[in-house]
Amino acid sequence: MVEIELDGKKVEVAAGSMVMHAAEQAGTYIPHFCYHKKLSIAANCRMCLVEVEKAPKPMPACATPVTQGMIVRTKSDKAIKAQQSVMEFLLINHPLDCPICDQGGECQLQDLAVGYGKTASRYEEEKRVVFAKEVGPLISMEEMSRCIQCTRCVRFGQEIAGRMELGMVNRGEHSEITTFLNGTVDSELSGNMIDICPVGALTSKPFRYSARTWELSRRKSVSPHDSTGSNLIVQVKNHKVMRVVPLENDDVNECWIADRDRFSYEALNSDARLTTPMLKQGGQWKPVDWTTALDYVAKALKGITSQQGGSAIGALASATSTSEELFLLGELVRGLGSDNIDHRLRHADFRQEAGTVRWLGTSIASLSKVDRALVVGSFLRKDHPLFAQRLRQAARHGAQILRIGSAGDDWLMPIAANIATAPSLWASALIEVAAAVATAKGVTAPLAVTPGAQAQAIADALLSGQSSAVLLGNAAAAHPQAAELLAIANWIAAQCGASVGYLGEAGNSVGAQLVKAQPQQGGLDATAMLAQPCRAYLLFNTEPVLDAADAAQAAKALAAADLVVSFSPFSANVEQAHVLLPIAPFTETGGSFVNAEGRLQSFHGVVRPLGDTRPGWKVLRVLGNLLGLPGFAQESVEEVRAQAVGAADSIAARLSNQTTVTPQAGVAQVELQRVADVAIYGSDSIVRRASSLQQTADGRSVSVSLPASLWGRLGLNAGDSVNVTQGGETVKLPAVLDAGLAEGTVRIPAGVAATAKLGALFGAVSVVRA
């Protein structure tokens, strides 16, 4: 530690810290623009100039290391005059039209100009003009004349997002921020550039000119889209969500959120919203009141249970639903005599020991500090943008990232060792790693095999690590051999002193397990419910034709049912359903999510429900009462939460990734096998309906990725299409060459309408030139 004197106060900070860090620790504000605590130091705005005793001139606080006994003055005449001079230079070319700037009212330059600017400018020349740039549907660069070249956006791209999509060209007065070759900004984290821009140069294109910041109410919430459980501030005007920005929480999402957390709110205000209950009569949808709709559902369920028994009813739910909703859905189904309820629609292996709750196996914050991470079966950047960001930070500090999967995706971080193989051989690849670990440790391997060079490299890396994690991705969780993959991962982790866990699919995947939204007493799992069609289906926040492991099978099962009830904020499942019930999305209801690390995060509705929409837990409670079931007398969402989850501090004891399954090698590989990534903007019903997200490069592109050998065998060229056949159905899609894709594998995205006719996510496929 080093002690310095800051404005007459003694401050003790770690050696190597900058004066800015000492000021933050002491609670002293030093004006700045380019400095950001999560980014590297650039020292190019000079606004943080301070007086350092014995220094010949003012020094930038963000780039001046502390030394023992240093005396710093941030409020002296010398410091203030230096800061005022910098402000004058910054305003020389800056447009002084704050009233029409979209950043007005929350502009850092505007705020500091009040304290350090002058009432009039001495500059009489023409101000420079920087032309607007088109960089995609999310970020507006219409007012680049406002840019002060702080380079926060450039450094964010390089250091946090992992890709330098923006850069500075030219020098001096001619400097400007631009994309390369007039490209677009396509990062899944790009919206954070809007937050960190201190002026009105980068603004939100969907929000632009729709409201003034002082007109907005700010309310806390939690994102449902992935297992990070990102903390949000939802900004509201006239009972309408206008904008979503991050709420800083270093243990969860730091000060970042993914673009689907930020821009998905567009769906909540879209024409796709369902605002009144609907009944299908004579093939036509008719609006009805809630009493009529719920009476119809209750009578239909009673009729089916009296004739076929409770087991004829199945409930399929999305883990983007709250814990309270999933708990009451389970109580409803079990009250009718059925245990057919599941949230794991994309899974193919449901072997899970009773009472175990799969989770991350470590804290989210620890991902930034691991020195070894083996990621198995994950499309990491698109599945978990913020987890990828944390591993990227770990890699920047020397961590080795290791990978087993089928695709050669660029995760925008160095990959120390990589095994790309067909999904049916993932277990065999892990067995090879286990064998290499066993040889090094002198223990018996789960299976005697000879490890390949990459498997040996992964084993050596894990054995040399001090803080290691084995992370199973969404594809590993949905894999037909998911239990074997977990068993082998547990064995490897035990030998290497690593944690092991699932990255988690949705915002409440852990919470769904805690509240028993899956079979407990021999009921049918999600796949079985669709393979052995039920007479009645309750669909809660899900669209099985896009969300199920076998979308084609789901469509057939729903079409054959006597009753399909869709609980959704949107006009979803309209082809298969008989009743549509409008339930509130997360912004219009109270509830809680449990994220990947087992953190219970509760929230309140931030706006009133739209039209006749009702909170899902209230709809289920009333339906339970109409059916005459016990346990539906709750008066508040807090009361439901207490029954569903219990005390927050009791959750940790229920989390476990242990399994009794015996490690086994992979199964025989078919000639051509599908591997499916769930499209980042097709992951749930909300993001699918967010118009700006669908216009991005990730939202627009639905294509088939082929390995080099298949590409050559079919004689394809760039821009060609192929016919993909699976389960008796054929779809035509654009083809893309993926040199990193494993041989014998075809990558076809799921969660999008273009591929909904196809079969299982890991099934056999055939591909011919169109």
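None of the values given here were measured: they were computed from a predicted structure. (Residues numbered from 1 in each chain as written. Predicted model: local features only at pLDDT ≥ 70, side-chain atom pairs only at ≥ 80, totals over all residues. Heavy atoms only, no water.)

### Considerations on the overall build of the protein chain
Quick note on the threshold: Under the DSSP-based scheme used, a helix requires at least four consecutive residues in state H or I and a strand at least two consecutive residues in state E, with every element numbered from the N terminus. The globule rule used here is 2.2 Å times the number of residues to the 0.38 power, and the radius of gyration it is set against is calculated over C-alpha atoms. Two residues form a contact once any of their heavy atoms are found within 4.5 Å. Computed with a 1.4 Å probe, the accessible areas rest on the Shrake-Rupley method; for each residue, only the protein chains presented here act as cover.
Scanning the protein chain from N- to C-terminus turns up 23 helices and 33 strands. Scaling as 2.2 N^0.38, a compact globule of 770 residues should have a C-alpha radius of gyration of about 27 Å, and the protein chain matches this with 28 Å. Across the protein chain, every contact between residues at least 6 apart in sequence was considered, and the portion connecting residues at least 24 apart equals 72%. Element-wise, carbon and sulfur atoms account for 51% of the exposed surface of the protein chain, whose accessible area totals about 29,100 Å².

### A short note on the nonpolar core
The tendency in soluble globular proteins is for nonpolar side chains to be buried as a group. The condition is simple: Among the buried residues, those of types Ala, Val, Leu, Ile, Met, Phe, Trp, Tyr and Cys that are joined through side-chain atoms within 4.5 Å form a nonpolar core. Burial here depends on accessible area, computed with a 1.4 Å probe over protein chains only, as a share of the maximum for the residue type. Under 20% is buried, over 50% is exposed, and the range in between is partly exposed.
Ranked by internal contacts, the top residues of the largest apolar core, which has 53 residues, are L301, L538, F567 and L581. With 7 residues, helix α7 (residues 290-308) is the single largest residue contributor to this core. Every residue in contact with L301, bar those within four places of it in the chain, is listed here: I313, L336, A536, L538, L563 and L627. Core analysis: the next-biggest nonpolar cluster, separate from the first, contains 50 residues, C107, L138, M141 and M144 among them.

### Describing the side chain of S499
Among the structural elements, S499 can be located in strand β22 (residues 499-502). The exposure class assigned to S499 is buried, which follows from its relative accessible area of 18%. With near-sequence residues (within four places) excluded, S499 lies in contact with G361, T362, S468, A469, V470 and A493.

### Here's the deal with the UniProt feature "domain: 4Fe-4S Mo/W bis-MGD-type" (unreviewed entry) in the protein chain
Rules: UniProt positions are given in the numbering used here, feature names are shortened, and annotations may be inferred rather than shown by experiment.
The UniProt feature table records "domain: 4Fe-4S Mo/W bis-MGD-type" (unreviewed entry) at residues 216-272. As a span, residues 216-272 carries 9% helix and 35% strand, and end to end its C-alpha atoms are 24 Å apart.

### A look at the sheet that holds strand β15 (residues 284-287)
Heads up, the condition is: Two strands make a pair as long as DSSP finds a minimum of two bridges between them. Each axis is a line fitted through C-alpha atoms, taken for helices only over the stretch in contact, and angles between the N-to-C directions span 0 to 180 degrees.
Spatial ordering of the open sheet is given by β15-β14-β25-β24-β23-β16-β17, a layout of 7 strands whose pairing is mixed. The sheet is open, and its two borders are formed by β15 and β17 (341-342), each paired with just one other strand. Bridge count for strand β16 (residues 313-317) against β17 is 2 bridges, and the pairing is parallel. Counted as the bridge partner of A315 is I341 from β17. Lying over the sheet, α7 contacts β14 (278-281), β16, β23 (536-540), β24 (563-568) and β25 (579-582), oriented at roughly 130 degrees with respect to β25. The strands that helix α19 (residues 616-626) touches are β23, β24 and β25; relative to β24, the one it contacts most, it runs at about 145 degrees.

### Observations regarding helix α2 (residues 77-92)
Given 3.6 residues to a turn, an α-helix orients residues that are three or four positions apart in the same direction. This is how the line gets drawn: Helices are assigned an expected span. That span is 1.5 Å times one less than the residue count.
The first and last C-alpha atoms of α2 sit 23 Å apart over 16 residues, in line with the 22 Å expected at 1.5 Å per residue. When we look at burial in α2, the residues that qualify are A79, A82, Q83, V86, M87, E88, L90, L91 and I92. On its buried face, α2 is in contact with β3 (49-52), β5 (71-73) and α3 (108-116).

### Thoughts on the packing of helix α8 (residues 323-335) against α19
The criterion, for reference: Here the word oblique covers every angle except those under 35 degrees (roughly parallel), over 145 (roughly antiparallel) and from 65 to 115 (roughly perpendicular). Here is the rule for handedness: rotate from the far helix to the near one, and if that takes an anticlockwise turn smaller than a right angle the crossing is left-handed, while a clockwise turn gives right-handed. Only Asp, Glu, Lys and Arg are considered charged in this grouping, and only Ala, Val, Leu, Ile, Met, Phe, Trp, Tyr, Cys and Pro are considered nonpolar; every other residue, Gly among them, is considered polar.
Following both chains from N to C, one finds α8 and α19 inclined at 20 degrees, their axes separated by 9 Å at the closest point. Classified by the angle between their axes, α8 and α19 sit roughly parallel to one another. Every pair of crossing elements has a handedness; the one defined by α8 and α19 is left-handed. Along its contact with α8, which presents E325, L328, L329 and L332, the element α19 presents G616, W617, L620, L623 and G624. Here the contact of α8 with α19 is built from residues that sort into 6 nonpolar, 2 polar and 1 charged.

### Comments concerning unusual backbone geometry
Look at T151: it is not a glycine, yet its phi comes out positive at around 65 degrees. Mapped onto the secondary structure, T151 falls in the loop between β7 (139-141) and α4 (152-161). In this model, K516 sits at a positive phi of 65 degrees, which is unusual for a non-glycine residue. Relative to the elements of secondary structure, K516 occurs in the loop between α15 (509-514) and α16 (526-531). Exposure remark for K516: the relative accessible area of 42% places this residue in the partly exposed category.

### Remarks on the packing of aromatic side chains
Here is the rule we go by: Between 30 and 60 degrees the pair is tilted, below 30 it is stacked and above 60 it is edge-to-face, where a pair is any two Phe, Tyr or Trp rings, Trp via its six-membered ring, whose centres lie within 6.5 Å. Sitting over a ring, as applied to charges here, requires NZ of Lys or CZ of Arg to be within 6 Å of the ring centre and within 35 degrees of the ring normal.
Summed over all chains, the structure comprises 4 aromatic pairs. Consider the rings of W426 and F762, whose centres lie 6.1 Å apart with planes at 80 degrees: the pair is edge-to-face. Of this pair, W426 sits in helix α11 (residues 426-441) while F762 sits in the loop between β32 (745-747) and β33 (766-769); the two residues are 336 residues apart in sequence, bridging distant segments of the chain. Classification of W426 as buried rests on a relative accessible area of 1%. Residue F762 is classed as buried on the basis of its relative accessible area, which comes to 12%. For the cation-ring pair, R243 lies above F207, with the distance from its terminal atom to the ring centre recorded as 4.3 Å. Over the ring of W411 we find R403; its NZ or CZ atom is 4.5 Å from the centre of that ring.

### Re the pairing of strand β19 (residues 400-405)
By the criterion of burial, β19 is predominantly enclosed, with 5 of the 6 residues buried. Looking at chain direction, strand β18 (residues 372-376) and β19 are connected through 5 bridges and run parallel. Residue pairing in the sheet places A373 in a bridge with I401 of β19. Inspection of the sheet shows β19 paired to strand β20 (residues 415-420) by 5 bridges, in the parallel sense.

### Some points on the packing of α11 against helix α14 (residues 482-496)
Packing of α11 against α14 leaves a shortest axis separation of 10 Å and a crossing angle of 20 degrees. On the basis of the axis angle, α11 is roughly parallel to α14. Read as a crossing pair, α11 and α14 show a hand that is left-handed. Across from W426, A427, L430, I431, V433, A434, V437, A438 and K441 in α11, the residues of α14 making contact are L485, I488, A489, W491, I492, Q495 and C496. Grouping the amino acids of the contact of α11 with α14 by side-chain chemistry returns 14 nonpolar, 1 polar and 1 charged.

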